[in-house]
Amino acid sequence: DIPVCKLLVTGPGGAMIEQPLGDAFVNLSLRENINENTVSGSITLIDNSGKMEFWPIVGEEKLELQAMTKGIVVTQSDATRKSDYIENTFRVTSITDIQRIKERAIQFTLNFVTEEAILNLKRRVQKSYNSTISEMVDKIFMDYLEENRGIFGRFHSYHREDTVGVHSIAIPNMTPFQAINFLGSRAVPANYPNSSSYFFYETFTDGF
């Protein structure tokens, strides 16, 4: 069930133009991984009206998506704000697998990631912290990665477990993700001190 699937492309004067993809949609793949900091995916489209040249697609567009597997019941808890749907605004990063399938039809794949992946590449953390590691992670996430998520903002959330101990740590010119992963490798859980190390990852319905 995919009620929202549209591309936001830059039009004349820099205005964003919405391009629904329902009539060009072939395949959608979404990926989440506990070992990856963000979710990603790809969407395969068929263009039989010259949209690829008319828009044009250059690999920097945004993709607004709302999707859900029919029949799945989503449960909520006090610790999460799960949405019934996967709802997010992604950033297109590349165009691959371009091929002509008919005289006037081209098939191609747009690859995308969540916008935090792009913010992470643009920003650097050069700062000293003196607090619990969980509080350091809060500061880094909110100062470097938190931005207005637009119409899907209320579904995009952030959760973390408390850590034990106060530390003095200097972050030497790392990306936000590198800094959070580094801190996670040094963190000890407050409630479960004998458990495994921390992971920083994103899911479709829970956020980070």
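In every chain, residue numbers begin from 1 and rise along the written sequence. Local features in a predicted model are, by the rule used here, given only for residues with pLDDT of at least 70; side-chain atom pairs are given and counted only at 80 or more, and totals for whole chains, interfaces and linings are based on all residues. Side-chain numbers come from the whole structure's heavy atoms, not from hydrogens or water.

Undergrad: What should I look at first to understand the overall build of the chain in this one?
TA: Secondary structure elements are taken from DSSP: a helix is a run of H or I of four residues or more, a strand is a run of E of two residues or more, and numbering for both begins at the N terminus. Of regular secondary structure, the chain possesses four helices and nine strands. Only carbon and sulfur atoms are counted for the fraction: they give 48% of the accessible area of the chain, which is about 11,700 Å². Reported accessibility uses the Shrake-Rupley method at a 1.4 Å probe radius. Residues are deemed covered only where the shown protein chains occlude them.

Undergrad: Honestly, the packing of helix α3 (residues 133-145) against helix α4 (residues 176-186) in this entry has me stumped. Any pointers?
TA: Packed helix pairs are characterised by how far apart their axes lie and by the angle those axes make with each other. The angle between two axes is taken between their N-to-C directions and runs from 0 to 180 degrees, where each axis is a line fitted to C-alpha atoms and a helix contributes only its stretch in contact. Their axes nearest at 10 Å, the elements α3 and α4 cross at an angle of 170°. Taken together, the axes of α3 and α4 are roughly antiparallel relative to one another. Mapping the contact onto sequence places Ile133, Met136, Val137, Ile140, Tyr144 and Leu145 in α3 and Pro176, Phe177, Ala179, Ile180, Leu183 and Arg186 in α4. If an angle is under 35 degrees, it is roughly parallel; if it is over 145, roughly antiparallel; if it lies from 65 to 115, roughly perpendicular; otherwise it is oblique. Working rule for contacts: check all heavy atoms of both residues, and any pair within 4.5 Å makes them a contact.

Undergrad: Help me understand the environment of Glu146 in this model?
TA: With respect to the helices and strands, Glu146 occurs in the loop between α3 and β9 (166-174). The exposure class of Glu146 is partly exposed, given its relative accessible area of 40%. C-alpha of Glu146 to C-alpha of Leu119: the two residues are 27 residues apart in sequence and 9.2 Å apart in space. Exposure is judged per residue with a 1.4 Å probe applied to protein chains only, and the accessible area is read against the type maximum: over 50% gives exposed, under 20% gives buried, and values in between give partly exposed.

Undergrad: Would you take a moment to explain the pairing of strand β5 (residues 62-67) for this structure?
TA: When you tally the buried positions in β5, you get five out of six residues, the bulk of the element. Only when DSSP finds a minimum of two bridges between them are two strands counted as paired. Across five bridges, strand β1 (residues 4-10) lies against β5 in antiparallel orientation. Along β5, the bridge assignment pairs Lys6 with Glu64. By the bridge criterion, six bridges tie β5 to strand β6 (residues 86-102) in an arrangement that is antiparallel. Paired with Lys62 across the bridge in β6 is Arg91.

Undergrad: Just checking my understanding: could you explain α4 for this structure?
TA: Residue pairs three or four apart in sequence face the same way in an α-helix, which turns once every 3.6 residues. Taken as a whole, α4 has its buried residues at Pro176, Phe177, Ala179, Ile180, Leu183 and Gly184. Seen from one end, α4 has its buried residues packed into an arc of 160°, which puts them on one side. Those residues of α4 that are buried lie in contact with α2 (115-122), β8 (125-132), α3 and β9. Think of the arc as the fan of directions from the helix axis to the C-beta atoms.

Undergrad: What's the story with the sheet that holds β5 in this structure? I'm lost.
TA: Hydrogen bonds between backbone atoms are what pair the strands of a sheet, whose relative direction is either parallel or antiparallel. An order of β2-β1-β5-β6-β7-β4-β3 is seen for the seven strands of this open sheet, with the pairing classed as antiparallel. Single-partner strands in this sheet number two, and they are β2 (16-20) and β3 (25-31). Going from strand to strand, the sheet's axes swing by 30° on average, the running direction of each strand aside. Bridge count between β3 and strand β4 (residues 40-47): six bridges; the pairing is antiparallel. Residue pairing in the sheet places Arg31 in a bridge with Ser40 of β4. Packed on one face of the sheet, α2 meets β5, β6 and β7 (105-114) and runs near 65° to β7.

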